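# Structure at a glance
Residues per chain, in single letters:
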Amino acid sequence: VLAGTALVLARLPLEKISECLSELCAVQVLALKKLLSQEPSNGLSSDPTVPLDRLAVIFRHTNPIVENGQVHPCQKVIQEIWPVLSETLNKHSADNRIVERCCRCLRFAVRCVGKGSAALLQPLVTQMVNVYREHQHSCFLYLGSILVDEYGMEEGCRQGLLDMLQALCIPTFQLLEQPNGLQNHPDTVDDLFRLAARFIQRSPVTLLRSQVMIPILQWAIAATTLDHRDANCSVMKFLRDLIHTGVANDVSDTRDAPQEALPHGDVTLESRNAWVPPFPWAQTFCRWLENSLKGLPKETTGGAIQVTHKQLTDFHKQVTSAEECKQVCWALRDFTRLFR
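Predicted model, so just to flag it, every value in this text is computed and none were measured.

In this section: the overall build of the protein. Assigned secondary structure in the protein consists of 17 helices and zero strands. In the protein, which comprises 340 residues, the proportion classed as buried is 48%. Long-range pairs, those at least 24 residues apart, make up 68% of the contacts in the protein with a sequence separation of at least 6. In the structure as shown, the protein presents an accessible area of about 17300 Å², 51% of it carried by carbon and sulfur atoms.

Quick look at the structure:
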């Protein structure tokens, strides 16, 4: 019902959408405010997931047509609702289930208004970082990837988004450094490299110039052996996009960057027109690739054969003998399918 109402609402004249959306959201906002005012010891449920889910449905399906230069009609409503969402997030910051619902609601709110949510960017990022420092809910990394997707190409937002990434990476790396950290936290790996991949897509030089690039790449290499479909796909997509960014002619942001802006050593992106292995010397790269392939799991956790020795050998030959970047991309695409 809410989804259908939102779809109809979005086709109203722009000047009427804001008022109608405010009325539609008011019932859910009132429910959240009532839950926030309850004392935790009064025996009543203080679970806000139902009103949060309903708000998410409203924002998800409210997609009015807004032309350039027009103020988004939903912008004012979302700014008014933000303090309630922020307070709800703070109150339940230790509850992963409720935090996920808050992030989902905020995700659709940001998607709803796009760049019209710029006023919320700083307070939202600040709260995300502060809560994540205490409670490493991976949904914050996912929400961060949405922000990078929306604002990563805005010059005035890039440094703030990079600061967000660096702040989120500190507790993330600490979590992954624990015994069996990668295996115990596949959702964190998935969302971390989803966030990193968004940076590569929207503002590659911002990430490549940063100090956090090297540890991200090191964790990506370590996570290539992770036996988890979604996490492994995100890692491989990040590595694929990273290689492509260094050579693609259509990425002017990276192509026009001075060479000193790009990190050297673990990753080298010196050529725009030919693929360069991620180590300075081809022989070193070939040995590194061979050793890495030997360390990959040959069987699934259930004992089924996942990759044969011939498939590993063929992949090594395809990569090391490639003359063009697209040949490497094709080999990577086919190879990653073996681990899905």
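And the narrative resumes.
Turning our attention to the pattern of salt bridges. Tallied over the full model, the rule gives 16 salt bridges. Residues Asp-149 and Arg-198 are paired through a salt bridge, measuring 3.4 Å at the closest nitrogen-oxygen approach. A residue pair is termed long-range when its members are at least 10 positions apart, and Asp-149 in helix H7 (residues 139–151) and Arg-198 in helix H10 (residues 186–202) qualify at 49 residues. Asp-241 serves as the salt-bridge partner of Arg-240, at 3.5 Å between the closest nitrogen and oxygen. Note on Arg-240: relative accessible area 37%, which makes it partly exposed. Given the relative accessible area of 12%, Asp-241 is considered buried. Through salt bridges with shared partners, a single network forms among Arg-111, Asp-149, Glu-150, Arg-198 and Arg-202.

The subject of this paragraph is the nonpolar core. Formed by 82 residues in total, the largest nonpolar core has its most connected members in Phe-59, Ile-216 and Phe-238. Per-element accounting of this core gives the leading share, 11 residues, to helix H5 (residues 96–113). When residues of this core are sorted by domain, at least three fall in each of domain 1 (1–36 + 47–63 + 72–112) and domain 2 (136–248 + 277–299 + 310–339). With 14 residues, the next largest nonpolar core counts Phe-285, Leu-293, Val-328 and Leu-332 among its residues.

Per the counting criterion, the structure on display carries four aromatic pairs. For the pair Phe-315 and Phe-335, a centre-to-centre distance of 4.0 Å together with 10 degrees between the ring planes defines the contact as stacked. Of this pair, Phe-315 sits in helix H16 (residues 309–320) while Phe-335 sits in helix H17 (residues 325–336), and the two are 20 residues apart along the sequence. A residue is classified by how much of its surface remains accessible, and Phe-315, at 6% relative accessible area, is buried. Accessibility expressed as a relative area gives 7% for Phe-335, which makes it buried.

This structure, assessed with the given rule, holds zero disulfides. For the unlinked cysteine Cys-74, the closest cysteine sulfur is that of Cys-112, found at 3.8 Å.

Across the interface, helix H2 (residues 14–37) lies against helix H4 (residues 75–91) with an axial gap of 10 Å and an inter-helix angle of 15 degrees. Here H2 lies roughly parallel to H4, going by the angle between them. Two packed elements cross with a definite hand, and for H2 against H4 that hand is left-handed. Across the interface between the two elements, Ser-18, Leu-21, Ser-22, Cys-25, Val-29, Leu-32, Lys-33, Leu-35 and Leu-36 of H2 pack against Lys-76, Val-77, Glu-80, Ile-81, Val-84, Leu-85, Glu-87, Thr-88 and Lys-91 of H4.

Between its first and last C-alpha atoms helix H3 (residues 49–61) spans 18 Å; for 13 residues at 1.5 Å apiece the expected length is 18 Å, and the two agree. Taken together, the buried residues of H3 touch helix H1 (2–9), H2, H4 and H5.

In this section: the packing of H10 against helix H12 (residues 213–223). Viewed as axis vectors pointing N to C, H10 and H12 meet at an angle of 135 degrees, and their least axial separation amounts to 11 Å. One element, H10, and the other, H12, form an angle in the oblique class. Where H10 crosses over H12, the two elements pack in a sense that is left-handed. Between H10 and H12, the residues in contact are Val-189, Phe-193 and Ala-196 and Ile-216, Trp-219, Ala-220 and Ala-223, respectively. A class-by-class count of the residues in the contact of H10 with H12 yields seven nonpolar, no polar and no charged.

A few words on the environment of Leu-120. Inspection of the secondary structure assignment puts Leu-120 in helix H6 (residues 118–134). Judged by relative accessible area, which is 12%, Leu-120 ranks as buried. Setting aside residues no more than four positions away along its own chain, Leu-120 makes contact with Ile-78, Gln-79 and Trp-82.

Each value, and the rule that gives it
Residues numbered from 1 in each chain as written. Predicted model: local features only at pLDDT ≥ 70, side-chain atom pairs only at ≥ 80, totals over all residues. Heavy atoms only, no water. Helix = DSSP H or I, 4+ residues; strand = E, 2+ residues; numbered from the N terminus. Buried < 20%, exposed > 50% of the residue type's maximum accessible area, 1.4 Å probe, protein only. Contact = heavy atoms within 4.5 Å. Areas by Shrake-Rupley, 256 points an atom, 1.4 Å probe, with all protein chains shown as cover. Salt bridge = Lys/Arg side-chain N within 4 Å of Asp/Glu carboxyl O. Core = buried A, V, L, I, M, F, W, Y, C linked by side-chain atoms within 4.5 Å. Domains from an automatic or database assignment. Phe/Tyr/Trp six-rings, centres within 6.5 Å; stacked < 30°, edge-to-face > 60°. Disulfide = S-S within 2.5 Å. Axes fitted to C-alpha atoms, helices over the stretch in contact; angles between N-to-C directions. Parallel < 35°, antiparallel > 145°, perpendicular 65-115°, else oblique. Left-handed = near helix turned anticlockwise from the far one by under 90°. Expected span 1.5 Å × (residues − 1). Nonpolar A, V, L, I, M, F, W, Y, C, P; charged D, E, K, R; others polar.

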